[in-house]
Amino acid sequence: MKRTLYLKLLLGYGAFGILGFLTIATFTSRLALNYIIRDTASDLYRESTLLSSSYAANYYRGTMTLEDVTSQFQAVSTYLDAAIQVISNSGQILIHAGQEPPEKTVEGFDITEFGTSYYQTGNFFGAFSEETLSVFSPITINYKVRGYVLIHKPVRDLVALKDGFINISYMTLAIIFLCAFVVLGLFTFTVYIPIWKITRAAKDYSEGNFETQINIHTNDEMGYLAASLNYMATELSTLEEDQRKFIANVSHDFRSPLTSIKGYIEAIMDGTIPHEMQDKYLNIILFETERLNKLTQSMLELNKYGKKGTMLDISSFDINNTIKLVAQSFEGICQEKKISFELILTGETSFVLADMSKIQQVLYNLIDNAIKFSHPDSTITIETTEKNEKVFISVKDTGIGIPKESMKKIWERFYKTDLSRGKDKRGTGLGLAIVKEIISVHNENINVISTEGVGTEFIFTLPLKREKKEGI
């Protein structure tokens, strides 16, 4: 299995570190140096303006001696750690505080080269051997510029300050990178490893191996997904067995009557069955043919309900009267088995909103089931109860009941319990599946309560239709 996702995460993590380092080393470093130069130039300009308007101006006015001015400049130079000069318009250095310059005159001095700015970086017309930040302020006496106060600070000092800030930035990046590593570790254990387990299990499922279980037990989306896939695998593991059972049941239900029909017809044709007995076996053939027809019709009916958008002919009808009519249709077989009906119906009438023909089929299938599995001389109880705008219809018998392990499977197509196979000679195993589909398309519910050897009760609901009273 290719671990491309995790490789991408690692590559992204490494790219993040490299790009962060390059960004600080280039972009951040340049921006920091430019900011420090501008900020330092602004501070030095304030100092030079103060010096030019006070000490330097007093020197030109003659109120302060050269020694006094130089002494003051020297103190400020020490404080600022920068060289301070007073230069005439012609470039002659009149006062210098700080490291002595190599020359007494600045050759080629032209203040206009500063342009519109009050500072510049360079060697200041060749006066310094290293790059220097130079800030000037004019000395104005009676509205006339007599000279300039310049403050020079080596750029290497500013670079050292910038390097200190950049080192702090590198440390911050390292901490961020470490935090990102922790996040990557958390992501690995909480997201990637669960995804890898799920992917591996999905691959096994695609190969037909449904025994693989995903060992993720977290209370989040990953845990929910893993639990859902485990449940799906469990259900799929039984799918092949269910398919075999389905095919076996269909084959059995078709093969048995076809075998009987074929055998009896061959016996009639070759004379094995005498002429006077042919009517008996022709009736058996007719019975098996009707059984096949019933099975085919039931399958077609169930397939129709399996499609989305099943059309219902919703109408208002009296469910009590419908129950009576359906029960009467079983009068003949009930007399044979000595089974009676007990109808406990609420009120004289109870109108519901449903598809009348399909609800008749539900009642027919449930009552037919109850009769098949009831003992002779027993009673089948059919009861209706109105509650919460619903009508609850119950069909209860005192027959053989349904085994507990079969309760969830009785709604499956062609399913028959082991207890019912000996009794349900004419059944197709589709009756309850059709009942379930009909009730479902009505958006109603059906439940079953059964105890083996005691009996079974089916209860389903229908929406109640309230009749308007006259005069209201």
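Scroll up to find the structure.
The model shown is predicted, which means the values in this text are computed figures rather than measured ones. (Residues numbered from 1 in each chain as written. Predicted model: local features only at pLDDT ≥ 70, side-chain atom pairs only at ≥ 80, totals over all residues. Heavy atoms only, no water.)

### Details of the packing of aromatic side chains
For the structure shown, the criterion picks out 15 aromatic pairs. With a centroid separation of 5.3 Å and 25° between ring planes, the pair formed by Phe21 and Tyr170 is classed as stacked. Note that Phe21 is positioned in helix 1 (residues 4-61) and Tyr170 in helix 3 (residues 155-206), a separation of 149 residues in sequence. A relative accessible area of 25% means that Tyr170 is categorised as partly exposed. (Phe/Tyr/Trp six-rings, centres within 6.5 Å; stacked < 30°, edge-to-face > 60°. Helix = DSSP H or I, 4+ residues; strand = E, 2+ residues; numbered from the N terminus. Buried < 20%, exposed > 50% of the residue type's maximum accessible area, 1.4 Å probe, protein only.)

### Describing unusual backbone geometry
The phi angle at Phe125 is positive, at roughly 55°, despite the residue not being glycine. Summarising the element assignment, Phe125 is placed in the loop between strand 3 (119-122) and strand 4 (132-141).

### Quick look at the sheet that holds strand 3
Strands pair in a sheet through their backbones, by hydrogen bonds, and they do so in one of two ways: parallel or antiparallel. In spatial order, the strands read 2-1-5-4-3; together these 5 strands make up an open sheet with antiparallel pairing. Unpaired on one side and paired on the other, strand 2 (93-97) and strand 3 mark the two borders of the sheet. Ignoring which end each strand starts from, the neighbouring axes of this sheet average 25° apart. Relative to strand 5 (residues 144-154), strand 4 is paired through 10 bridges, and the arrangement is antiparallel. Bridging across to strand 5, Thr140 finds its partner in Val145. On top of the sheet, helix 1 reaches strand 1 (83-88), strand 2, strand 3, strand 4 and strand 5; it is set at about 35° to strand 4, its chief contact. (Pairing = 2+ DSSP bridges. Axes fitted to C-alpha atoms, helices over the stretch in contact; angles between N-to-C directions. Contact = heavy atoms within 4.5 Å.)

### Section: the sheet that holds strand 12 (residues 455-463)
Spatial strand order, 7-9-10-12-11: 5 strands in an open sheet with mixed pairing. Single-partner strands in this sheet number two, and they are strand 7 (340-344) and strand 11 (446-451). Averaged over all pairs of adjacent strands, the angle between strand axes in this sheet comes to 15°, irrespective of strand direction. As paired elements, strand 11 and strand 12 share 6 bridges and run antiparallel to each other. By the bridge assignment for strand 12, Asn447 is matched with Ile459.

### Brief notes about the pattern of salt bridges
Taken as a whole, this structure holds 8 salt bridges when the rule is applied. Residue Asp368 is joined to Lys372 by a salt bridge in which the shortest nitrogen-to-oxygen separation is 3.1 Å. One end of the pair, Asp368, and the other, Lys372, are both in helix 9 (residues 356-372), 4 residues apart, so they sit about a helical turn from each other. Given a relative accessible area of 14%, Lys372 falls into the buried group. Among the salt bridges present, the one from Glu444 reaches Lys390, with a minimum N-O distance of 2.8 Å. One end of the pair, Glu444, is in the loop between helix 11 (431-441) and strand 11; the other, Lys390, is in strand 10 (residues 390-397), with 54 residues separating them in the sequence. (Salt bridge = Lys/Arg side-chain N within 4 Å of Asp/Glu carboxyl O.)

### Let's talk about the side chain of Ser137
By secondary structure assignment, the location of Ser137 is in strand 4. The class of Ser137 is buried, set by a relative accessible area of 3%. At 3.5 Å, the side chain of Ser137 and the side chain of Thr49 are in polar contact. In this structure the side chain of Ser137 is engaged in a polar contact, spanning 3.2 Å, whose partner is the side chain of Ser52. Not counting chain neighbours up to four residues away, the residues in contact with Ser137 comprise Ser48, Thr49, Ser52, Tyr148 and Val149. (Polar contact = N/O pair within 3.5 Å; in protein donor to acceptor, adjacent residues only side chain to side chain.)

### Describing helix 7 (residues 319-328)
For helix 7, the set of buried residues is Ile319, Asn320, Thr322, Ile323, Val326 and Ala327. The buried residues of helix 7 occupy an angular sector of 160° when projected down its axis, which confines them to one face. Looking at where helix 7 begins, the residue whose side-chain oxygen comes 3.1 Å from the main-chain nitrogen of Asn320 is Asp318. (Arc of directions from axis to C-beta.)

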